[in-house]
Amino acid sequence: MKYEVVVGLEVHAELDTRTKIYCNCTTKFGAEPNTQCCPVCLGLPGAIPVLNKKVVEYAVKTGLATNCSITMLSKQDRKNYFYPDLPKAYQISQDDLPICTDGYLDIEVEGKTKRVGIHRIHIEEDAGKLIHSESNNDTLIDFNRAGVPLIEIVTAPDMHSSQEVKAFFEKLKTILEYTEVSDCKMQEGSLRADINLSVKPEGAKTLGTRTEMKNLNSTRAIVRAVEHESKRQIEQLEQGLLITQETRRWDDAKCESYPLRSKKEAHDYRFFAEPNLCSIIIDDAWLKRIRASIPELPDDKKVRFIKQYDLPEYDAAYITSSKPLADYFENAAKISKNPKAISNWIMGDVLNKLKDGGIQITGIPISAQRLTKLVDLIDSNIISSRIAKQVFEIMWDTNDEPDEIVEKYGLQVLSDSDTIKRIVNEVISENPKAVDDIKSGKKRSIGFLVGQVMRKTDGKADPRIVNQLLSEATQ
Ligand code: ZN
Ligand code: MN
């Protein structure tokens, strides 16, 4: 039997606001534990929350960028449950009136465009963080994260493979980065995904029993968890066993999941409207201002790069997948006569160097302007593209201008015909066999002779002159 996998995601993104959602405590990551808390985020009796306006603005911004409808009158609700990291014993979230509903994102998988629905996006507060110490067998708690603003993005169960989940998640992350709503640092927990997954016989109308895996914090973990859980459920069904509705913990180091708790009894969170906060009213003027603050999004930028800079679709998609990368490209391309060469350098040498050095594009030691100059030197035949790689390496380490480097190390193309002719003659007299081959019709041997001339000139001879002189001499 063939099976179909059905996946929906719940993504939590910490918003990149300066202060928390209901108090003035800072949201900065990495401070000493419990140094960024106050009576409000600690849930002390009598403390009154005040909503941070930026949180609403960022949620609306995300909703507009993901094709959602905006709820002009919404509210916040208490979601009651006990957990040690939740100091109030309830979380302020949104129940029946989320700020955004019914959006979607289009993704590309294997050359096909596919639409993934977004049910809702609501605002809520993050909990504190438990730190389990295995050596002492105890658990510590850090409340710095309590009250950090979150949006929760809930998709429709529209994804059917790990590739689709990956494409959706990466697209969503790119949009959150473009709109600067979240820093999306997954290693710091700024972006985490819960995976709801079930399988059913292909073509079946009703969905199978689903399981949930919570707080996946890397794209790789998400992909692997989807693949393993699909396989596990299909194997269960093939053996005639039932799937248990449960929450499972994904252990990415071991690459396996194990049951955490059964979800048979639906939780009753006893939601009710938060009495200490008033309704959230968004008027047309505010909505308009937020809409105007949304920058050009990746899909639009991609189309524009193809048109404006004549980039192939592949290059444009790759470069616009990160805003800082797209900005770097555009800063170089707009002053260059050869944007495609800029794109080649970025997707090749630049990204390799960044990867090797563990550097982000924002920390690149070569400015966009200098990269453009390097491409100009190649295009105006002052250096060969082989020498340009050396110049690039020196630029990376020294912060010098490319033309200064060329001058300092004498790297200019050798285009003096007399000098090249002398070397060509040398090569011809040293390689009689290759010359005979060419004369008897093996034109490919000319490449070997070109290589010899290049070797003798440290790669600096103008290849056009070399080729011309060699073909004249071997007629
Ligand atoms: Zn606080
Ligand atoms: Mn949530």
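Residues numbered from 1 in each chain as written. Chains lettered and ligands numbered in written order. Predicted model: local features only at pLDDT ≥ 70, side-chain atom pairs only at ≥ 80, totals over all residues. Heavy atoms only, no water.

What follows is about the overall build of the protein chain. Assigned secondary structure in the protein chain consists of 15 helices and 16 strands. In the protein chain, 68% of the contacts between residues at least 6 apart in sequence involve partners at least 24 apart. When the accessible surface of the protein chain is totalled, it reaches about 24,700 Å², and 49% of it is carbon and sulfur. Considering the protein chain, the positive charge centre built from 66 side chains and the negative charge centre built from 72 side chains are found 1 Å apart. (Helix = DSSP H or I, 4+ residues; strand = E, 2+ residues; numbered from the N terminus. Contact = heavy atoms within 4.5 Å. Areas by Shrake-Rupley, 256 points an atom, 1.4 Å probe, with all protein chains shown as cover. Lys, Arg positive; Asp, Glu negative; His and termini not counted. Charge placed at Lys NZ, Arg CZ, Asp CG, Glu CD.)

Here three strands make up an open sheet; going across it, the order is β5-β4-β15 and the pairing antiparallel. Looking along the sheet, the strands with just one partner apiece sit at the ends: β5 (90–93) and β15 (272–273). Note that strand β4 (residues 77–80) and β15 share two bridges and pair antiparallel. Following the sheet pairing, Arg78 is matched in β15 by Phe272. (Pairing = 2+ DSSP bridges.)

With that out of the way, let us pick up the coordination of the zinc ion (ligand 1). Looking at the zinc ion (ligand 1), one finds its protein donor set to be Cys23 (SG), Cys25 (SG), Cys38 (SG) and Cys41 (SG), positioned 2.3 to 2.4 Å from the metal centre. Angles of 101 to 116° at the metal separate the four donor atoms of the zinc ion (ligand 1), which places the site in the tetrahedral class. (Donors = N, O, S within 2.8 Å, 3.2 Å for Na, K, Ca; no water. Tetrahedral: all angles 85-135°; square planar, octahedral: opposite > 155°, others 65-115°.)

Let's shift gears to helix α2 (residues 162–178). Spanning 17 residues, α2 covers 24 Å between terminal C-alpha atoms, matching the ideal 24 Å at 1.5 Å per step. Along α2, 12 of the 17 residues are buried, which leaves the element largely enclosed by surrounding structure. The complete set of buried residues in α2 reads Ser162, Glu164, Val165, Ala167, Phe168, Phe169, Lys171, Leu172, Thr174, Ile175, Leu176 and Tyr178. Of the residues one or two after α2, Glu180 is the one with positive phi, at around 60°. (Expected span 1.5 Å × (residues − 1). Buried < 20%, exposed > 50% of the residue type's maximum accessible area, 1.4 Å probe, protein only.)

Turning to empty space enclosed by the protein, a few remarks are in order. Scanning the model with the defined rule gives one cavity of 30 Å³ or more in all. Around the largest cavity, the lining residues are Cys41, Leu86, Pro87, Lys88, Tyr90, Glu125, Asp126, Ala146 and Gly147. Looking at the lining of the largest cavity, its residues break down into five nonpolar, one polar and three charged. (1 Å grid on protein atoms, 1.4 Å probe; cavity = no way out; pocket = protein on both sides within 12 Å on 5 of 7 lines; lining within 4 Å. Points joined across faces, edges and corners; volume = space filled by probe spheres on them. Nonpolar A, V, L, I, M, F, W, Y, C, P; charged D, E, K, R; others polar.)

This brings us to the domain arrangement of the protein chain. Split by domain assignment, the protein chain resolves into domain 1 (3–286), domain 2 (298–409) and domain 3 (417–473). A separation of 32 Å is found between the C-alpha centroids of domain 2 and domain 3. Across the boundary between the two partners, domain 2 contributes four residues, which contact six residues of domain 3. Around 360 Å² of area is buried between domain 2 and domain 3 when both sides are counted, 43% of it from carbon and sulfur atoms. (Domains from an automatic or database assignment. Buried area = accessible area lost by both parts, 1.4 Å probe.)

Here the focus is the pairing of strand β7 (residues 112–125). In the sheet, strand β6 (residues 100–109) pairs with β7 via nine bridges, with the strands oriented antiparallel. Residue Cys100 lies in a different strand from β7, and its bridge partner there is Ile121. Of the strand pairs in this sheet, β7 and strand β10 (residues 149–155) are connected by seven bridges, and their pairing is antiparallel. Counted as the bridge partner of Glu124 is Leu150 from β10.

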